[in-house]
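The residues making up each chain are set out below.
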Amino acid sequence: MIEIRNLYKSFDGNDVLRGIDLTIADGETVAIIGQSGCGKSVLLKHIIGLLRPDRGAVVVDGINMAEAKEKDIYRVRRNIGFLFQGSALFDSMTVLENVTLGLRENGERDKEKLARITLEKLALVGLRGIEKVMPADLSGGMRKRVALARSLATEPRYMFYDEPTTGLDPVTSDQIDALIEDLTAKLHVTSIIVTHDMFTVERIAKRVVFLHQGKVYFDGRPEDLTRSNDPINRQFLERYRLLA
Amino acid sequence: MFAEFGSASILAFRTASYTSSIPRDRRLVLEQMEHIGSDSLPLVLIIGLFTGMVSAWQAAYQFKGMIPYSFIGAAVSRAIFIELGPVLTALIIAGRVGASIAAEIGTMKVTEQIDALESMAISPIRYLALPRISAAVVMLPILVIFANIIALVGAFLVSNFYLDVSSKVFFESVQRFFFVKDVLGGLVKAVFFGAVTALIGVKVGFETTGGAQGVGNATIRAFVLSSAMILILDYTLWTVIF
Ligand SMILES: Nc1ncnc2c1ncn2[C@@H]1O[C@H](COP(=O)(O)OP(=O)(O)OP(=O)(O)O)[C@@H](O)[C@H]1O
Ligand SMILES: [Mg+2]
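Numbering of residues starts from 1 in every chain and runs along the sequence as written. Think of it this way: whatever chain is written first is A, whatever ligand is written first is 1, and the rest follow in order. Per-residue local features of the predicted model are confined to residues with pLDDT of at least 70, and side-chain atom pairs are confined, for both listing and counting, to 80 or more; whole-chain, interface and lining totals are unaffected and use all residues. In computing side-chain values, all of the structure's heavy atoms are included and hydrogens and water are not.

**Some words on the overall build of chain B**
At step 1: For the purposes of this entry, the term helix denotes a DSSP run of H or I that reaches at least four residues, the term strand denotes a run of E that reaches at least two, and both are numbered from the N terminus. Helices and strands together make up the secondary structure of chain B, namely nine helices and zero strands.
At step 2: Secondary structure of chain B in N-to-C order comes out as α-α-α-α-α-α-α-α-α.
At step 3: A principal-axis box enclosing the C-alpha atoms of chain B has dimensions of 65 × 35 × 30 Å.
At step 4: Counting contacts in chain B only where the partners sit at least 6 residues apart, residues at least 24 apart contribute 84% of the total. The contact rule is simple, with two residues in contact once any of their heavy atoms fall within 4.5 Å.

Right, dumping it as structure tokens:
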């Protein structure tokens, strides 16, 4: 379970998060939306303890990520897969080494098994035949999918996706959406998906959180958001409503 | 300044606290030893050779009319073992390795690869800092030994060919004034120089912000800081050892 209580964060005078309250139960799939620069990535980074709150608390599985000892934080993180918005692949390693790093660090030495898992995870994201390629030689969309495969490799209980389908073509986007849906349904993975794609939201999230001016402005079912008459909600969804 | 020193010490302590994982991470350490050691060897040898040659000329120039040339071997070898070998090798490593550590880690920082390691519960200190610092601590003294030998050869060549000092005279003089303490003192200094250079490279790398330009600045900063620290340490250690 993830509990975020009264979370404040600012960067030299730029107040990004101004009192976020959010609780996410195990097995939930929550989409987080909001304007560019509103602090979605910053919020995700607080949940895995990459950023420290100015005020408030982030508690994951009973561990306060702001105050816990490194050892406890690492124990929580082993249950979390994190897809970075910018992929953050290790550019000194091949695709295979990227995907298997987490497993190797957990003590897995069996080369065949590592290769098999790599193939399997790459197939899940619609890639193959690139195990020996260096990240620099991949397209942006491929890098994102390799990063997704990497975060899936250790089969975490939590998956945090920072814009998993941004920059992908519609077909691959659908495939990724289906994958996220599948993980939740079959493996009971708790997912947080930061996205600008309302189709993704409608399709896979049971709950959507709309961040606005550093606070949770809407928290509820996607259909209630799309039907809402609140001017700010409507303004944010305008483009999507025209398309849908 | 003091805050910097404090945070560098904290980084050093945190790195040291992972020492026990060296056996497990030996592959990472060996990789860095190769990068820091073998890859730097050609440059160290060239610079060592010329340093030795020029110091023979310099000694001859200063001795002229005061001290017989038969003392060149002793003077030059002691200068090499105590000062020239360790300090010049360390400065080369600061430029070549310290700067590249800062650039590499700095790039990882600004492209969120450090965050990615953290998110996978892999300590960047253990995974990045420890192999680099421990490899530098081991390899720098080894490079210094190579530098010492080749510099001595250079000094001998100049003495023998241009200054009419026979090999017997040259090496007898080296031997007569050879103190194990000189060589060991130089190597102890090298250990510190290696640690400081790698530590600064790592620290500056971890603190990098702001894209490609930030990485460029980090590279320069690492080189400037570590060369200054090498010379300051050289003085400090002199007062302690000799
Ligand atoms: N490490 C940091 N240092 C300083 N400012 C930061 C840092 N990280 C984020 N910010 C600032 O916090 C704000 C929110 O950034 P964030 O990346 O969370 O936006 P976002 O909602 O993810 O936007 P996008 O949809 O464009 O990805 C921005 O103004 C950004 O400049
Ligand atoms: Mg973002």
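**Regarding the sheet that holds strand S10 (residues 215–220) of chain A**
All names here are of chain A.
At step 1: Here the rule is simple: two strands pair whenever DSSP picks up at least two bridges between them. Across the sheet, six strands lie side by side as S6-S7-S8-S3-S9-S10; this open sheet has mixed pairing. The open sheet has two free edges, formed respectively by strand S6 (80–83) and S10, since each of these has just one partner strand. Across the sheet, the axes of successive neighbouring strands diverge by a mean angle of 15°, strand direction being ignored.
At step 2: Inspection of the sheet shows strand S7 (residues 158–162) paired to strand S8 (residues 190–194) by five bridges, in the parallel sense. The residue of S8 that forms the bridge with tyrosine 158 is threonine 190.
At step 3: Only the contacting stretch of a helix is used when fitting its axis, a line to C-alpha atoms as for every element, and angles between N-to-C directions run 0 to 180 degrees. Most of the contacts of helix H1 (residues 40–47) go to S7, to which it runs at about 155°, and overall it touches strand S3 (29–34), S6, S7, S8 and strand S9 (207–212).

**So, the packing of helix H3 (residues 95–105) of chain A against helix H5 (residues 140–152) of chain A**
Residue and element names in this part refer to chain A.
At step 1: For the pair H3 and H5, the least separation of the axes is 7 Å and the interaxial angle reads 30°. On the basis of their axis angle, the class for H3 and H5 is roughly parallel. Remark: the crossing between H3 and H5 carries right-handed chirality. Only Val146, Ala149 and Arg150 of H5 make contact with H3, whose side of the interface consists of Val95, Asn98 and Val99.
At step 2: Of the residues assigned to the contact of H3 with H5, the class counts are four nonpolar, one polar and one charged. In this scheme, roughly parallel covers angles under 35 degrees and roughly antiparallel covers those over 145, while 65 to 115 is roughly perpendicular and the rest are oblique. The sense of a crossing depends on the near helix, which, turned anticlockwise from the far helix by less than a right angle, makes the crossing left-handed and, turned clockwise, makes it right-handed. Gly is put with the polar residues, along with every residue not named as nonpolar or charged; the nonpolar set is Ala, Val, Leu, Ile, Met, Phe, Trp, Tyr, Cys and Pro, and the charged set is Asp, Glu, Lys and Arg.

**Things to note about the site of ligand 1**
Residue and element names in this part refer to chain A.
At step 1: Near is defined per residue: the residue qualifies when any heavy atom it owns lies within 4 Å of the molecule or strand. Neighbouring ligand 1 are 14 residues; Ser36, Gly37, Lys40, Ser41 and Gln85 lie closest to it.
At step 2: N or O atoms within 3.5 Å of each other form a polar contact, as long as, within protein, one can give a hydrogen and the other can take it, and as long as residues adjacent in sequence are counted only when both atoms are side-chain atoms. At a separation of 3.2 Å, an oxygen atom of ligand 1 approaches a polar side-chain atom of glutamate 163.
At step 3: Note that an oxygen atom of ligand 1 is positioned 3.0 Å from one of the side-chain N or O atoms of histidine 196.
At step 4: Summarising the interface, the protein chains cover 63% of the accessible area of ligand 1, which totals 640 Å² for the free molecule.
At step 5: Counting residues per element, the ones that place at least two in the shell around ligand 1 are strand S2 (14–24) and H1.
At step 6: In terms of residue class, the shell around ligand 1 is made up of four nonpolar, eight polar and two charged. Residue burial considers only the protein chains on display, and all accessible areas are found by Shrake-Rupley using a 1.4 Å probe.

**Here's the deal with the pairing of strand S4 (residues 55–60) of chain A**
For a regular strand, side-chain orientation follows a simple rule: the groups alternate between the two sheet faces.
Residue and element names in this part refer to chain A.
At step 1: Relative to S4, strand S1 (residues 2–11) is paired through five bridges, and the arrangement is antiparallel. Within the sheet, the bridge partner assigned to arginine 5 lies in S4 and is alanine 57.
At step 2: Looking at chain direction, S4 and strand S5 (residues 63–64) are connected through two bridges and run antiparallel. Of the residues in S5, the one forming a bridge with valine 60 is isoleucine 63.
At step 3: Hairpin connection of S4 to S5: two residues between the antiparallel strands, including aspartate 61 at a positive phi of 50°.

**Remarks on the nonpolar core**
At step 1: What we call a nonpolar core is a set of buried Ala, Val, Leu, Ile, Met, Phe, Trp, Tyr and Cys residues that are connected through their side-chain atoms within 4.5 Å. Using a 1.4 Å probe on the protein chains alone, a residue whose accessible area is under 20% of its type maximum counts as buried, one over 50% counts as exposed, and one in between counts as partly exposed. Counting residues in hydrophobic clusters, the biggest one holds 105 residues, and the most contacted among them are Ile2, Ile4, Leu43, Ile47 and Phe160 of chain A.
At step 2: It is helix H6 (residues 124–162) of chain B that contributes the most residues to this core, 18 residues altogether.
At step 3: Each residue touching isoleucine 2 of chain A, except ones within four places of it in the same chain, is listed here: Leu22, Thr23, Ile24, Ile47, Val59, Val60, Tyr158, Phe160 and Ile192 of chain A.
At step 4: By size, the runner-up hydrophobic cluster in this structure holds 28 residues, among which are Ile130, Tyr161, Ile180 and Ile193 of chain A.

**With respect to the interface of chain B and chain A**
By a widespread convention, an interface's size corresponds to the accessible area lost as its parts come together.
At step 1: Taken residue by residue, the interface counts 21 residues in chain B and 21 residues in chain A.
At step 2: When a carboxyl oxygen of Asp or Glu is within 4 Å of a side-chain nitrogen of Lys or Arg, the pair counts as a salt bridge. Note that glutamate 105 of chain A is salt-bridged to arginine 24 of chain B, the shortest N-O span being 3.2 Å.
At step 3: Where chain B packs against chain A, one counts eight residue pairs in polar contact (both at pLDDT 80 or more).
At step 4: Every element with two or more residues in the side of chain B that touches chain A is listed here: helix H4 (72–110), helix H5 (113–119) and H6 of chain B.

**Structural notes on the coordination of the magnesium ion (ligand 2)**
At step 1: Donors, by definition, are the N, O and S atoms found within 2.8 Å of a metal, the threshold being 3.2 Å for Na, K and Ca, and water is not counted, so a site can look incomplete. Summarising the metal site, the magnesium ion (ligand 2) is bound by the protein donors Ser41 of chain A (OG) and Gln85 of chain A (OE1), whose distances to it range over 2.0 to 2.1 Å. Taken together, the residues span a long stretch of sequence, with serine 41 of chain A in helix H1 and glutamine 85 of chain A in the loop between S6 and H3 at a distance of 44 residues.

**Digging into the sheet that holds S1 of chain A**
Residues and elements named next belong to chain A.
At step 1: Pairing in this open sheet of four strands is antiparallel, and the strands run S2-S1-S4-S5 from one edge to the other. Edge positions in the sheet fall to S2 and S5, since each has one partner strand and no second.
At step 2: Lying on the sheet, H1 is in contact with S1, S2 and S4; it crosses S1 at an angle near 125°.

**Examining unusual backbone geometry**
All names here are of chain A.
At step 1: Located in the positive-phi region is asparagine 6, a residue other than glycine, with phi close to 45°.
At step 2: In this fold, asparagine 6 is placed in strand S1.
At step 3: Accessibility expressed as a relative area gives 36% for asparagine 6, which makes it partly exposed.
At step 4: Even without being a glycine, glutamine 213 presents a positive backbone phi close to 50°.
At step 5: Inspection of the secondary structure assignment puts glutamine 213 in the loop between S9 and S10.

**A word on the packing of aromatic side chains**
At step 1: Stacked, tilted and edge-to-face pairs are distinguished by plane angle, under 30 degrees for stacked and over 60 for edge-to-face with tilted covering the rest, among Phe, Tyr and Trp rings (Trp via its six-membered ring) whose centres lie within 6.5 Å. Taken as a whole and judged by the stated rule, the model has 11 aromatic pairs over all chains.
At step 2: Centre to centre, the rings of phenylalanine 156 of chain B and phenylalanine 171 of chain B are 5.0 Å apart; their planes meet at 40°, and the pair counts as tilted. In this pair, phenylalanine 156 of chain B sits in helix H6 while phenylalanine 171 of chain B sits in helix H7 (residues 167–176), placing the two residues 15 residues apart along the sequence.
At step 3: With a relative accessible area of 37%, phenylalanine 171 of chain B lands in the partly exposed category.
At step 4: Through pairs of rings, three or more aromatic residues link up here, namely Phe82, Phe84, Tyr158 and Phe160 of chain A.

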